[in-house]
Amino acid sequence: MKRLTALFLALTLVFALAGCSGGTKESPSVNTTAQTSAANGENANTQQTDKDGKKILVVYFSSANTAGVDAVSSATPSFDGQGSTEYLANYIHSKAGGDIVKITPVKDYPLSYSACADAAKKETDSGARPEFQPLGVNPEDYDVIFVGYPMWWYTLPMLLYTFFDMYDFSGKTIIPFNTHEGSGDGGTYNEIREFEPGADVLRGLAVRGGKADKAQDEVDSWLAKLGY
Ligand SMILES: Cc1cc2nc3c(=O)[nH]c(=O)nc-3n(C[C@H](O)[C@H](O)[C@H](O)COP(=O)(O)O)c2cc1C
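Residues numbered from 1 in each chain as written. Predicted model: local features only at pLDDT ≥ 70, side-chain atom pairs only at ≥ 80, totals over all residues. Heavy atoms only, no water.

## Re the overall build of the protein chain
Filter applied, for reference: Under the DSSP-based scheme used, a helix requires at least four consecutive residues in state H or I and a strand at least two consecutive residues in state E, with every element numbered from the N terminus. The rule is simple: take the accessible area with a 1.4 Å probe, protein chains only, and divide by the maximum for that residue type; under 20% is buried, over 50% is exposed, in between is partly exposed. Here the accessible surface of atoms and residues is derived via Shrake-Rupley with a 1.4 Å probe, and residues count as covered only by protein chains that are part of the display.
On a plain count of helices and strands, the protein chain comes out with seven helices and nine strands. Sorting the 228 residues of the protein chain into buried and exposed places 50% on the buried side. Of the roughly 10,500 Å² of accessible surface on the protein chain, 52% is carried by carbon and sulfur atoms.

See the structure below:
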């Protein structure tokens with residue numbers, strides 16, 4: 001644990017580049033396939049099911065928020081104005097199809113890294129279950145659920161604990177993915193297996209947040225192995 005703590009302290013400088021606001025009024029909490037594709041300037045991807053006729057959902061939380069933030073505060077691992085997990089989620093969605101929704105907290109996290117880190121630490125230490133805005137879809141209506149998040153304090157952001165508390169994915173397939181700056185998945189895929197014992201939690205993918213835009217080949221080969 002001491003090693004992990006030292007590692008995390010060493011990475012703090014890197015993390016300091018990450019913004020921390022969860023929600024933004026400019027970003028709808030629900031992006032339909034067409035909306036997201038349109039936002040990316042691409043043709044709408046109308047594929048709602050995979051090759052086996054299964055309904056796919058990509059659901060993610062991403063802290064970075066550049067909307068309305070000055071240049072210093074917005075120095076996040078941000079790509080085309082998207083947080084690194086958001087960037088990854090949109091890329092996965094462009095390949096796998098289905099619907100995509102963002103988990104937007106009811107209460108925004110602070111923009112400054114240190115304040116956000118403090119807020120996140122308090123939530124983690126107290127086992128908080130922060131609320132999020134209505135997703136606009138029922139994730140239990142889907143067969144395959146890609147779930148994306150950044151590592152926060154060596155684990156999932158507590159918003160994701162709320163998410164897994166709320167939904168029972170028994171009989172469904174969960175495919176986790178995450179961004180990080182050194183912790184990898186930090187054992188979170190196994191945590192998800194414990195949260196959802198009735199679900200089939202497939203092999204996830206952990207990507208360096210600062211290199212999310214360089215991970216396309218890695219994502220492609222991961223998806224191909226999963227059959228997407
Ligand atoms: C509050 C907070 C805690 C973090 N804790 C960790 C951590 O324990 N391990 C790690 O590798 N990265 C950690 N990071 C770095 C983020 O996981 C990384 O910057 C990620 O790419 C951010 O994703 P986003 O841009 O989608 O929000 C932390 C970042 C923040 C803001």
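Let us keep going from here.
## Topic: the environment of T179
Our working rule: It only takes one pair of heavy atoms within 4.5 Å for two residues to be counted as in contact.
Relative to the helices and strands, T179 is located in strand β7 (residues 173-180). Separated by 95 residues in the primary sequence, T179 and S84 have C-alpha atoms spaced 6.9 Å apart. The residues touching T179, leaving out its near neighbours within four places in the chain, are S84, T85, L88, Y149, P150, M151, V207 and G209.

## Observations concerning helix α6 (residues 188-195)
Heads up, the rule is: This arc is taken over the directions from the axis of the helix to the C-beta atoms.
Within α6, burial applies to T188, Y189, E191 and I192. For α6, the arc enclosing every buried residue in end-on projection is 155°, short of the 170-degree limit, so these residues lie on one face. Where α6 is buried, its residues touch β6 (144-150), α5 (158-166), β7, β8 (200-201) and β9 (205-208).

## Brief notes about unusual backbone geometry
Among all residues save glycine, negative phi is the norm, and among peptide bonds the norm is trans. A positive phi angle, close to 50°, is found at W153, a residue other than glycine. Its place among the elements puts W153 in the loop between β6 and α5. Assessed through its relative accessible area of 22%, W153 is described here as partly exposed. Even without glycine at this site, Y154 takes up a positive phi of about 70°. On the secondary structure map, Y154 appears in the loop between β6 and α5. Classification of Y154 as buried rests on a relative accessible area of 18%.

## Here we look at the pairing of strand β5 (residues 99-102)
This is how it is decided: Between any two strands, pairing holds if DSSP finds at least two bridges.
Burial along β5 is two-sided: D99 and V101 facing one way and I100 and K102 facing the other are all buried. Two elements, strand β2 (residues 56-60) and β5, share four bridges in a ladder whose sense is parallel. Looking across to β5, one finds that V58 is bridged to I100.

## Observations concerning the pattern of salt bridges
We count it as follows: The salt bridge definition used is simple: a Lys or Arg side-chain nitrogen within 4 Å of an Asp or Glu carboxyl oxygen.
In the structure shown here, the tally under the stated rule is six salt bridges. A salt bridge links K95 to D220; the nearest nitrogen and oxygen atoms lie 4.0 Å apart. Pair noted here: K95 is in helix α3 (residues 84-96) and D220 is in helix α7 (residues 216-226), with a separation of 125 residues, a long-range link. What makes K95 partly exposed here is its relative accessible area of 42%.

## Quick word on the packing of aromatic side chains
So the rule is basically this: In summary, the pairing rule links any two rings of Phe, Tyr or Trp, Trp by its six-membered ring, whose centres are within 6.5 Å, and it sorts them by plane angle into stacked for under 30 degrees, edge-to-face for over 60 and tilted for everything else. For a ring to carry a charge above it, either NZ of a lysine or CZ of an arginine must fall within 6 Å of the ring centroid while also lying within 35 degrees of the normal to the ring plane.
Scanning the model with the defined rule gives 14 aromatic pairs in all. Among the aromatic residues, those joined into a ring-pair cluster are F132, Y161, F163, F164, Y167, F169 and F195. One residue, K55, lies across the ring of Y142, its end atom 4.8 Å from the ring centre. The ring of W153 is capped by K121, whose NZ or CZ atom sits 5.4 Å from the centre of that ring.

## Structural notes on the environment of I192
With respect to the element layout, I192 can be found in helix α6. Among residues more than four places away in sequence, those in contact with I192 are Y149, L156, F164, I174, P176 and V201.

## Considerations on the pairing of β2
Among the five residues of β2, five are classified as buried, and the element is accordingly described as predominantly covered. Both faces of β2 are covered, namely the face carrying I56, V58 and Y60 and the face carrying L57 and V59. As paired strands, β2 and β6 are joined by five bridges and run parallel to one another. By the bridge assignment, V59 is partnered in β6 with V147.

## Some words on the nonpolar core
We count it as follows: The set of buried Ala, Val, Leu, Ile, Met, Phe, Trp, Tyr and Cys residues whose side-chain atoms join them within 4.5 Å is what this entry labels a nonpolar core.
I103, V147, L160 and F163 are the most contacted members of the largest nonpolar core, which has 29 residues in total. Broken down by secondary-structure element, the contributors of at least two residues to this core are β2, α4 (113-126), β6, α5 and α6. By residue number, the principal contributor to this core is α5, which donates six residues. Other than its neighbours up to four places away in sequence, L160 contacts F61, I103, V147 and Y149. The next biggest cluster of nonpolar side chains, apart from the first, holds 19 residues, and it includes V58, I92, L205 and V219.

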